[in-house]
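Descriptive analysis of the structure
Residues per chain are reported as follows:
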Amino acid sequence: MIEAQILESGITIPIPVGTMIELPRAALVAGDLAGIAEFFSFGTNDLTQMTYGLSRDDAERLFLGHYLDEGILASNPFQTIDVDGVGRLIELAVKEGKAANPNLTLGVCGEHGGDPASIAFCRRAGLDYVSCSPPRVLVARLAAAQAELATVARDV
């Protein structure tokens with residue numbers, strides 16, 4: 001019924017079709033997905049959980065603090081993107097996604113989108129946008145501007 005009304009109106013409303021990249025396998029087959037997607041949104045909290053093979057709630061409640069105190073992890077991977085693991089998956093997906101679809105829009109959603117170090121990584125990795133919760137928007141905007149300035153300075 002709605003499709004008929006849309007056709008009758010003669011008005012087209014562009015609705016981009018894309019996918020969340022929240023599983024390691026999705027990142028690994030990004031080239032295939034980009035053939036039919038207009039955007040990728042990296043769900044970094046879920047991607048981190050799946051890459052580490054653990055529950056964020058359980059890890060933060062039970063042992064992650066100990067891992068940080070003992071130096072097993074340099075930072076909480078749910079606060080700052082783990083560049084060596086999760087970041088490599090993102091970089092691979094960006095590279096293969098853009099190779100398959102140069103017009104692919106790339107972004108990250110979730111709390112990593114409000115973390116300055118993660119925002120700097122996202123800029124280096126070639127993402128187009130970050131999103132985060134409202135209380136983190138001001139910090140995210142400042143971090144995005146700093147990441148852009150660092151990129152411009154590096155390219156000069």
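Refer to the preceding data block for the structure.
My aim in this report is to walk through the structure given alongside it, one point at a time. Starting afresh in each chain, residues are numbered from 1 along the sequence in its written order. The predicted nature of this model means local features are confined to residues of pLDDT at least 70 and side-chain atom pairs, given and counted, to a pLDDT of 80 or more, with totals for whole chains, interfaces and linings taken over all residues. The side-chain numbers reported here are obtained from all heavy atoms of the structure, hydrogens and water having been left aside.

Some remarks on the nonpolar core
What is meant by a nonpolar core is a set of buried Ala, Val, Leu, Ile, Met, Phe, Trp, Tyr and Cys residues, joined one to another through side-chain atoms within 4.5 Å. Buried, partly exposed and exposed residues are distinguished by accessible area as a fraction of the type maximum, computed with a 1.4 Å probe on protein chains only: under 20%, between the cut-offs, and over 50%, respectively. Judged by nonpolar contacts, the single largest core of 22 residues is most densely connected at Phe40, Phe42, Ile90, Leu106 and Leu127. Listing elements by their share of this core, those giving two or more residues are helix H2 (24-28), helix H3 (30-34), strand S2 (39-43), helix H7 (83-100), strand S3 (105-109) and helix H8 (116-125). Per the convention used, a helix needs a DSSP run of H or I reaching at least four residues, while a strand needs a run of E reaching at least two, with both numbered from the N terminus. Top element by residues in this core is H7. It accounts for five residues. The contact criterion used throughout is that any non-hydrogen atoms of two residues lie within 4.5 Å. Sequence-distant contacts of leucine 106, that is, excluding residues within four places in its chain, are made with Phe40, Phe42, Val94, Lys98, Gly126, Leu127, Asp128 and Tyr129.

Notes on the sheet that holds strand S1 (residues 18-21)
Any two strands are treated as partners once DSSP identifies two or more bridges connecting them. Strand order in this open sheet of four strands is S1-S2-S3-S4, and the pairing throughout is parallel. Of all the strands in the sheet, the pair left with one neighbour each is S1 and strand S4 (129-130). Relative to S3, S2 runs parallel, the two being bridged by five bridges. Paired with glycine 43 across the bridge in S3 is cysteine 109.

Brief notes about the environment of alanine 99
Here alanine 99 shows up in helix H7. When the C-alpha atoms of alanine 99 and alanine 27 are compared, they prove to be 14 Å apart, with 72 residues separating the residues in sequence.

What to know about the layout of surface pockets
A water-sized probe, rolled over the atoms, reveals where empty space remains. Lining residues are those with an atom within 4 Å of a point, where the points come from a 1 Å grid over the protein atoms alone and group into cavities, where a 1.4 Å probe fits but cannot get out, or pockets, open sets with protein on both sides within 12 Å along at least five of seven lines. Grid points are joined across faces, edges and corners, and a volume is the space filled by probe spheres set on the points. One number sums up the size of the largest pocket: a volume of about 150 Å³. Every residue along the wall of the largest pocket is listed here: Ile119, Cys122, Arg123, Leu127, Asp128, Tyr129, Val130, Ala144, Ala147 and Glu148. Mapped onto the lining of the largest pocket, the elements with two or more residues apiece are H8, S4 and helix H9 (137-155). Among the residues forming the lining of the largest pocket, the class breakdown is seven nonpolar, no polar and three charged. The nonpolar class holds Ala, Val, Leu, Ile, Met, Phe, Trp, Tyr, Cys and Pro. Asp, Glu, Lys and Arg form the charged class, and all remaining residues, Gly among them, are polar.

Concerning the state of the cysteines
Think of a disulfide as a covalent bridge from one cysteine sulfur atom to another cysteine sulfur atom. By definition, disulfides here are pairs of cysteine sulfur atoms that lie within 2.5 Å. The tally for this structure, following the rule as stated, stands at zero disulfides. Cysteine 122 provides the cysteine sulfur closest to cysteine 109, a residue in no disulfide bond, and the two sulfurs are 11 Å apart. Overall, cysteine 109 belongs to the partly exposed group, its relative accessible area being 23%. By relative accessible area, which is 3% here, cysteine 122 ends up buried.

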